[in-house]
Amino acid sequence: LISAKYDSDLSHDFSFGPLTIGMEISVRNRLVKSKVDFEFSLSHEPDFDFVGPQQFQWKLEGDEELIFPLEAVLFSNGIYDLQCVKITVCNEDGSKVPYVFPLQWIVKVNANRQ
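The structure presented is a predicted model; accordingly, all values stated were derived computationally and were not measured.

Points about the overall build of the protein
Helix and strand content of the protein: zero helices and 11 strands. The N-to-C order of helical and strand elements in the protein reads β-β-β-β-β-β-β-β-β-β-β. Burial status across the protein gives 34% buried among its 114 residues. Across the protein, every contact between residues at least 6 apart in sequence was considered, and the portion connecting residues at least 24 apart equals 65%.

Quick look at the nonpolar core
A general trend in soluble globular proteins is that nonpolar side chains are found buried together. Ranked by size, the top nonpolar core spans 30 residues in total, and within it M23, F38, F40, L74 and L82 carry the most contacts. Counting residues per element, the ones that place at least two in this core are β3 (19–28), β4 (36–42), β5 (48–51), β6 (55–60), β7 (65–74), β9 (85–90) and β11 (106–111). Excluding its chain neighbours within four sequence positions, the residues that come into contact with L82 are Y6, M23, F48, F50, A72, L74, W105 and V107.

Cut-offs and rules
- Residues numbered from 1 in each chain as written.
- Predicted model: local features only at pLDDT ≥ 70, side-chain atom pairs only at ≥ 80, totals over all residues.
- Heavy atoms only, no water.
- Helix = DSSP H or I, 4+ residues; strand = E, 2+ residues; numbered from the N terminus.
- Buried < 20%, exposed > 50% of the residue type's maximum accessible area, 1.4 Å probe, protein only.
- Contact = heavy atoms within 4.5 Å.
- Core = buried A, V, L, I, M, F, W, Y, C linked by side-chain atoms within 4.5 Å.

Below, the structure written as C-alpha coordinates:
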(Lines give C-alpha, C1' and ligand atoms only; values in the text may rest on other atoms or scores of the structure.)
Protein backbone atom coordinates (compact mmCIF):
# COMPACT_ATOMS: atom_id res chain seq x y z
CA LEU A 1 0.00 0.00 0.00
CA ILE A 2 1.33 3.42 -0.91
CA SER A 3 -0.05 6.82 0.08
CA ALA A 4 0.95 10.48 0.22
CA LYS A 5 0.15 13.45 2.44
CA TYR A 6 0.33 16.92 0.88
CA ASP A 7 -1.69 20.13 0.48
CA SER A 8 -3.97 19.63 -2.51
CA ASP A 9 -5.32 23.17 -3.09
CA LEU A 10 -2.72 25.94 -3.18
CA SER A 11 -2.14 29.50 -4.42
CA HIS A 12 1.28 30.81 -5.38
CA ASP A 13 2.85 33.89 -6.97
CA PHE A 14 5.13 32.39 -9.62
CA SER A 15 6.84 35.74 -10.25
CA PHE A 16 8.87 34.88 -7.10
CA GLY A 17 9.88 31.46 -8.45
CA PRO A 18 8.52 27.92 -8.51
CA LEU A 19 6.23 26.42 -5.88
CA THR A 20 7.67 23.68 -3.67
CA ILE A 21 5.13 21.29 -2.17
CA GLY A 22 6.21 19.20 0.80
CA MET A 23 4.99 15.61 0.67
CA GLU A 24 5.14 12.65 3.02
CA ILE A 25 5.21 9.30 1.22
CA SER A 26 4.20 6.11 3.03
CA VAL A 27 4.83 2.55 1.82
CA ARG A 28 3.32 -0.25 3.93
CA ASN A 29 3.74 -4.01 3.65
CA ARG A 30 0.22 -5.28 4.28
CA LEU A 31 1.38 -8.89 4.37
CA VAL A 32 1.48 -9.66 8.08
CA LYS A 33 3.80 -12.69 7.98
CA SER A 34 5.94 -12.03 4.91
CA LYS A 35 8.72 -9.58 4.20
CA VAL A 36 8.81 -7.75 0.87
CA ASP A 37 11.93 -6.62 -0.97
CA PHE A 38 11.17 -3.84 -3.46
CA GLU A 39 12.52 -1.07 -5.66
CA PHE A 40 10.89 2.36 -5.45
CA SER A 41 11.10 4.70 -8.44
CA LEU A 42 9.45 7.87 -9.73
CA SER A 43 8.76 8.35 -13.42
CA HIS A 44 9.99 11.60 -14.97
CA GLU A 45 7.26 14.16 -15.61
CA PRO A 46 7.85 17.12 -17.97
CA ASP A 47 5.59 19.51 -16.02
CA PHE A 48 7.22 19.27 -12.59
CA ASP A 49 10.26 17.96 -10.72
CA PHE A 50 10.81 16.03 -7.51
CA VAL A 51 13.41 16.73 -4.84
CA GLY A 52 14.29 13.83 -2.56
CA PRO A 53 14.73 10.08 -2.94
CA GLN A 54 13.59 9.19 -6.46
CA GLN A 55 14.90 5.63 -6.71
CA PHE A 56 15.99 3.16 -4.05
CA GLN A 57 15.75 -0.46 -2.86
CA TRP A 58 14.21 -1.38 0.50
CA LYS A 59 12.98 -4.33 2.50
CA LEU A 60 9.91 -4.21 4.75
CA GLU A 61 9.00 -6.85 7.28
CA GLY A 62 5.38 -7.95 7.66
CA ASP A 63 3.07 -5.03 8.51
CA GLU A 64 6.06 -2.64 8.56
CA GLU A 65 5.82 0.90 7.13
CA LEU A 66 8.38 3.21 5.54
CA ILE A 67 7.67 6.97 5.64
CA PHE A 68 9.91 9.53 3.94
CA PRO A 69 9.76 13.17 2.76
CA LEU A 70 9.61 14.23 -0.86
CA GLU A 71 9.09 17.61 -2.51
CA ALA A 72 7.32 18.41 -5.77
CA VAL A 73 8.47 21.55 -7.57
CA LEU A 74 5.86 23.16 -9.84
CA PHE A 75 6.65 25.95 -12.29
CA SER A 76 3.17 27.20 -13.20
CA ASN A 77 -0.43 27.11 -12.07
CA GLY A 78 -2.66 24.22 -13.08
CA ILE A 79 -3.91 20.83 -11.98
CA TYR A 80 -1.28 18.14 -11.52
CA ASP A 81 -1.27 14.43 -10.76
CA LEU A 82 1.76 13.87 -8.52
CA GLN A 83 1.32 10.07 -8.50
CA CYS A 84 4.36 8.93 -10.49
CA VAL A 85 5.40 5.99 -8.29
CA LYS A 86 6.36 2.54 -9.49
CA ILE A 87 7.08 -0.25 -7.01
CA THR A 88 8.89 -3.34 -8.31
CA VAL A 89 8.72 -6.33 -5.99
CA CYS A 90 11.88 -8.45 -6.08
CA ASN A 91 11.04 -12.12 -5.47
CA GLU A 92 13.42 -14.65 -3.91
CA ASP A 93 13.71 -16.53 -7.22
CA GLY A 94 15.16 -13.39 -8.85
CA SER A 95 12.01 -12.43 -10.73
CA LYS A 96 10.63 -8.91 -10.51
CA VAL A 97 6.99 -7.79 -10.58
CA PRO A 98 6.29 -4.09 -11.31
CA TYR A 99 3.28 -2.30 -9.84
CA VAL A 100 1.91 1.09 -10.83
CA PHE A 101 -0.93 2.69 -8.92
CA PRO A 102 -4.17 4.02 -10.42
CA LEU A 103 -5.01 6.33 -7.51
CA GLN A 104 -4.27 9.93 -8.46
CA TRP A 105 -2.54 12.43 -6.17
CA ILE A 106 -4.17 15.59 -7.52
CA VAL A 107 -2.99 19.08 -6.59
CA LYS A 108 -4.62 22.28 -7.83
CA VAL A 109 -2.43 25.39 -7.96
CA ASN A 110 -3.92 28.83 -8.55
CA ALA A 111 -1.74 31.73 -9.69
CA ASN A 112 -1.70 34.45 -7.06
CA ARG A 113 -0.24 37.83 -7.91
CA GLN A 114 0.66 40.24 -5.09
